[in-house]
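# Tertiary structure, described
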Amino acid sequence: MILRKSILRQFKEKKFQYFGVIILLMLSIMLYVSMSMGISTLDNRNAQFKEEFMQEDFHMILANELSSDQLEKWEKEYNLSLEERLYGDVPYKDSDTTLRLFSNTTEINIPYASEGKLPEEAGEIALSPVFAKAHNITVGDEIEVNSRTLKVTGFMYIPDYIYVLERESDLLSDPHTFGIGVTAEDTLQSIADKTVTQILGHGASGEERNTFKSAVTENYSLLKWMNQEENPRIQFVESEIESSETMITTLPLFILALSVLMVLMIMKRRLEMQRKEIGTMKALGYRNRELTKHYMTYATIIGLIGSFLGVAAGAGLSIPITNLYSNYFNLPSISYFDWDPKVLVIGFFVPNVILLIMTYFVIRKPLQQSPLDLLRPKDISKGKKSLLERLPIINKGSFISRFRIRLLARSKARAVYILLGVMFSSILLIFGATMYKGMDGIVDSTYKDIMTYNYAAHYKSLQQAETDQGESPFTVAEAEITRINGEKAKTIEQQSMIYGIEPETEHIQLKNVDGKLLNSTLNNGVVLSEPFASALGLSKGDTITLKNAYNNKMIKKEVTGIAKVYIGFSIYSERKAVNEFLGYPTEVYTAKWTEGKPDNSEDVLFIEDKQDIIENFESTSSLTRYSVFGIAGFAFLIGVIVLTLITNLIVEENSPSISLFKVMGYKDKEISRLIINVYTPIVLLGFILSVPIGILSIDQLMNSIVEQTGFAMPVQLNWLMILVSLVIILLTYYVSLFFSRRKLKNVSLQEALKKQQD
């Protein structure tokens, strides 16, 4: 009973220390539970949606029209399901907003109505919820699309547009400029200037798919073939789930480690301060088991409270996280929770088990000492200096410098803890700063420095007409790298494209990281985009084997350079060589780059507006920039908690010395400089170490996800961003010193001297 009362008394006296540790523990568990449950629910919704509503395995676009019974023949011959779907792009309100309308399907990519109903009659339309929200549209409204009034009957989701991108090359979705909808086929044909027919496929294995593809290309002109694994509108959500798994464990685990280390230091300090009390209790007959149970109770209370609050907060936070993901990826809210038992076990029990085990090993050694050893002052029982204190530099310089160095040498564990805490916060800041600059780097390098054209017109068939001035013809087709330097290459699930261009063109300036123009090297080999080279580990001088995706023809080429194209798996070579590789006449082309907007004639498949891509990217990347402030705030919070806890512990540990300094006439500011500010070099060292570690970590992270996302982010960090990050870290440090100085001022001369006498 007496021991239990002492626990409550200690929690009241040291409430800031224990409260801070509980907050750290709660934050780590909250992050893990919320992110795990959010991603788990997202994964569950995605799996359920694509299974129940028959997400496509592939789709293709042909230049030729099919006979009425051709799909049925293919279905029987190749044991798969096929369905035609029409789509067309129409302007909504103004030319800056595009609405892509699809005809309804009943077998593959079946639309799911989340509110209202799907269109049943002419003049009706169902929209994606994110587009409707962005344009303040509700069910029952009438909207004007391309000069025709349509009634909104409901909101819907389509399985192959989970991530709503206008073009496969886009990175970010912007519902203000692009959206999707479903309408009746006759309504679509009446309001769209032109429509495109897709053939959707489902139910075929990879080998059957390739056999079917080869059969199609023998008799038809294949304009486009895209497998599910290559479709960014489908795969981006899969990539997000995969890439989040690392963040789910890494970030919370580090905060958990800081929490556990802080508890261990508090318990170690508590045992040192209560040596005589422990010796007295053992002399009175208390067993080691009873004392162990008493001190383990501290860790138990901290663990239970922190875990409970963390699990509860994480479960609540997972709901908005899940809904945010679902809206971003255009997934219907099929389920709100996915209570994975593993998440609860890890989130609640594992931190407690780790905390109790580590605490047991900390308190075990002191409790095994005899009552006589415990009653003897620790300094006498130990009686020797550490290795650092025996260094000659310790005995040089002024008293202040010697005292500060000796204090630092005698508190190595606290110095390491501060170092780790500062490095953790600094790496978060470096990560945010790199993301901030990297998004700009993608746009500036890819779309401004290299791709200097304004428009690209892609045709339905091969073109032979001479291009006008200010236009550059090129050929684009699907190709695959099968071997690298004679060895089998890793399979990339994303679609890879080969571009046949004129080396002298001014509309695409292929430059490497040094700014050297690579166009002239295209006659001797191929130039690769940065994501492709990164995913396959390719560099200049490697020899690759290319496979034509349509006729399986092979060709060997040398890699003559890596261009600063940070989006897409692209291969660039000379146009005539690419045409020969594809089996085309040498002078034909499939698309052209232009400076002025080309005519949207009947033979044009689609027109790419580079400015639209840039504006879309810049408008939606602002969310990433805002997230940088969230990262900075979180880093600041963690830093303040960690540094304040450790500096408070240092003040408590050195209270006898503080009282003596006060007796000797030292002012509070001078004492603070002697005892608390001694860790300033450690803070600076932690930040300096975090810069290269942070850049390296981000580089490794981007390399690990480039295969799934198809884009690489240039890791750019200028001195201004480093300086801003340093200012935030120093601000964090001095805020913690402010709280610690208040504790230092409250150190009583009488109490400190009394503790020293005891």
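Here is a short report on the structure shown in this document.

Parameters and conventions
- Residues numbered from 1 in each chain as written.
- Predicted model: local features only at pLDDT ≥ 70, side-chain atom pairs only at ≥ 80, totals over all residues.
- Heavy atoms only, no water.
- Helix = DSSP H or I, 4+ residues; strand = E, 2+ residues; numbered from the N terminus.
- Buried < 20%, exposed > 50% of the residue type's maximum accessible area, 1.4 Å probe, protein only.
- Contact = heavy atoms within 4.5 Å.
- Areas by Shrake-Rupley, 256 points an atom, 1.4 Å probe, with all protein chains shown as cover.
- Lys, Arg positive; Asp, Glu negative; His and termini not counted.
- Charge placed at Lys NZ, Arg CZ, Asp CG, Glu CD.
- Pairing = 2+ DSSP bridges.
- Axes fitted to C-alpha atoms, helices over the stretch in contact; angles between N-to-C directions.
- Left-handed = near helix turned anticlockwise from the far one by under 90°.
- Nonpolar A, V, L, I, M, F, W, Y, C, P; charged D, E, K, R; others polar.
- Patch = residues over 30% accessible without salt bridge, like charges linked within 9 Å, V, L, I, M, F, W, Y side chains within 5 Å.
- Salt bridge = Lys/Arg side-chain N within 4 Å of Asp/Glu carboxyl O.
- Polar contact = N/O pair within 3.5 Å; in protein donor to acceptor, adjacent residues only side chain to side chain.
- Phe/Tyr/Trp six-rings, centres within 6.5 Å; stacked < 30°, edge-to-face > 60°.
- Lys NZ or Arg CZ within 6 Å of the ring centre and 35° of its normal.
- Expected span 1.5 Å × (residues − 1).
- Arc of directions from axis to C-beta.
- Bend = angle between axes of the 7 residues up to and from the residue.
- Parallel < 35°, antiparallel > 145°, perpendicular 65-115°, else oblique.
- Core = buried A, V, L, I, M, F, W, Y, C linked by side-chain atoms within 4.5 Å.

Turning our eyes to something else, we now look at the overall build of the protein chain. Summing up its helical and strand segments, the protein chain has 22 helices and 20 strands in all. Dimensions of the protein chain along its principal axes, counting C-alpha atoms only, are 100 × 55 × 45 Å. Here the protein chain holds 758 residues, and the buried ones make up 53% of them. For the protein chain, long-range pairs separated by at least 24 residues make up 83% of all intrachain contacts whose partners lie at least 6 apart in sequence. Here the protein chain displays about 34800 Å² of accessible surface, and carbon together with sulfur accounts for 55% of that area. Positive and negative charge centroids in the protein chain, built from 78 and 86 side chains respectively, lie 24 Å apart.

We now examine the pairing of strand E12 (residues 471–484). Of all 14 residues making up E12, 12 are buried, and the element is well covered by its neighbours. The pairing of E12 with strand E19 (residues 589–594) spans four bridges and is classified as antiparallel. Looking across to E19, one finds that Ser472 is bridged to Trp593. The sheet contact formed by E12 and strand E14 (residues 496–501) spans four bridges and is antiparallel. By the bridge assignment for E14, Glu478 is matched with Met497. In this sheet, strand E16 (residues 543–548) lies alongside E12 in antiparallel orientation, the contact comprising five bridges.

Okay, the packing of helix H14 (residues 412–450) against helix H21 (residues 719–745) next. In contact at an axis separation of 10 Å, H14 and H21 are set at 145° when each is read in the N-to-C sense. Helix-helix and strand crossings are classified by hand; for H14 and H21 the assignment is right-handed. Facing Val422, Ser425, Ser426, Leu429, Ile430, Ala433, Tyr436 and Lys437 of H14, the residues of H21 in contact are Met721, Ser725, Ile728 and Ile729. When its residues are assigned to classes, the contact of H14 with H21 shows eight nonpolar, three polar and one charged.

This part covers a nonpolar patch on the surface. Side chains of Val345, Ile346, Phe349, Val350, Val353, Ile354, Ile357, Met358, Tyr360 and Phe361 sit close together on the surface and give an oily, nonpolar patch of about 830 Å² of accessible area. Relative to the elements of secondary structure, Val350 occurs in helix H10 (residues 341–367). Look at Val350 and you get partly exposed, because its relative accessible area is 32%.

What follows concerns the side chain of Thr505. The topology assignment puts Thr505 in the loop between E14 and strand E15 (526–529). Within the structure, Thr505 has its side chain in polar contact with the backbone nitrogen of His507 (distance 3.1 Å). Those residues within four positions of Thr505 in sequence are excluded, and the remaining contacts are Ser472 and Asn519.

Moving on, we come to the packing of aromatic side chains. Under the defined criterion, the tally for this structure stands at 28 aromatic pairs. Here the aromatic rings of Phe532 and Phe569 are separated by 5.3 Å at their centres, their planes lie at 65°, and the arrangement is edge-to-face. One end of the pair, Phe532, is in helix H15 (residues 530–536); the other, Phe569, is in strand E18 (residues 569–574), with 37 residues separating them in the sequence. Pair check on accessibility: Phe532 and Phe569 agree, each one buried. In textbook terms, an aromatic cluster arises when at least three aromatic residues are bridged by ring pairs, as seen for Phe58, Trp74, Tyr78, Phe212, Tyr220 and Trp225. One cation-aromatic arrangement involves Lys610 over Tyr453; the distance from NZ or CZ to the ring centre is 5.9 Å.

Moving on, we come to a positive patch on the surface. On the surface, Lys667, Lys669, Arg673, Arg742 and Lys745 cluster together into a positively charged patch. Elements that contribute at least two residues to the positive patch include exactly helix H19 (668–675) and H21. Mapped onto the elements of the fold, Lys667 is located in the loop between helix H18 (655–663) and H19.

This part takes up the pattern of salt bridges. Scanning the entire structure with this criterion turns up 12 salt bridges. Across the pair Glu120 and Lys117 runs a salt bridge, and its minimum N-O distance is 3.8 Å.

For helix H6 (residues 206–219), built from 14 residues, the straight-helix expectation of 20 Å at 1.5 Å per residue is met to within 8% by its first-to-last C-alpha distance of 21 Å. Buried within H6 we find Arg209, Phe212, Lys213, Ala215 and Val216. One side of H6 holds all its buried residues, which, seen down the axis, span an arc of 165°. Facing away from the buried side of H6 by more than 90 degrees, the exposed set consists of Glu207 and Glu218. In the core, the buried residues of H6 are packed alongside strand E1 (58–62), helix H3 (70–78), strand E2 (81–92), strand E10 (222–227) and E12.

This next bit is on helix H9 (residues 288–328). Side chains three or four residues apart in an α-helix point the same way, a direct result of the helix having 3.6 residues per turn. Taking 1.5 Å per residue as the helical rise, H9 with its 41 residues ought to reach 60 Å, and the 57 Å between its terminal C-alpha atoms agrees with that figure. Along H9, the helix axis deviates most sharply at Thr297, where the bend reaches about 30°. In the segment just after H9, Asn330 is the residue with positive phi, at about 55°.

Turning next to the packing of H9 against H10. In a pair of packed helices, the angle between the axes and the distance between the axes together describe the arrangement. With their axes 9 Å apart at the nearest point, H9 and H10 run at an angle of 155° to one another. For the element pair H9 / H10, the angle class is roughly antiparallel. Note that H9 runs across H10; the crossing there is right-handed. Looking at the contact of H9 with H10, its residues break down into 16 nonpolar, eight polar and no charged.

With that settled, consider the nonpolar core. If you look at the biggest cluster of nonpolar residues, it comprises 180 residues, and the most contacted ones within it are Trp74, Phe212, Ile481, Leu510 and Ile675. No other element matches helix H2 (residues 15–52), which puts 18 residues into this core. Contacts of Phe212, omitting those with residues within four sequence positions, involve Phe58, Met60, Trp74, Tyr78, Leu80, Leu82 and Trp225. In terms of nonpolar packing, the next biggest core, distinct from the first, is built from 18 residues, Val90, Leu99, Leu101 and Leu150 among them.

Taking burial as the measure, the 10 residues of strand E7 (residues 148–157) include seven buried ones, the bulk of the element. Here four bridges tie strand E4 (residues 112–116) to E7, and the two strands are oriented antiparallel to one another. Paired with Tyr112 across the two strands is Tyr157, which belongs to E7. Pairing between strand E5 (residues 124–127) and E7: four bridges, direction parallel. Paired with Glu124 across the bridge in E7 is Lys151. Linkage of strand E6 (residues 142–145) to E7, two consecutive antiparallel strands, is achieved through a turn of two residues, within which Asn146 is found at a positive phi near 50°.

With that settled, consider the environment of Thr543. Relative to the helices and strands, Thr543 is located in strand E16. According to the relative accessible area criterion, Thr543 is partly exposed, its value standing at 33%. Sequence separation between Thr543 and Ser214 is 329 residues, and the spatial gap between their C-alpha atoms is 27 Å. The residues touching Thr543, leaving out its near neighbours within four places in the chain, are Arg483, Ile484, Asn485, Lys557 and Glu558.

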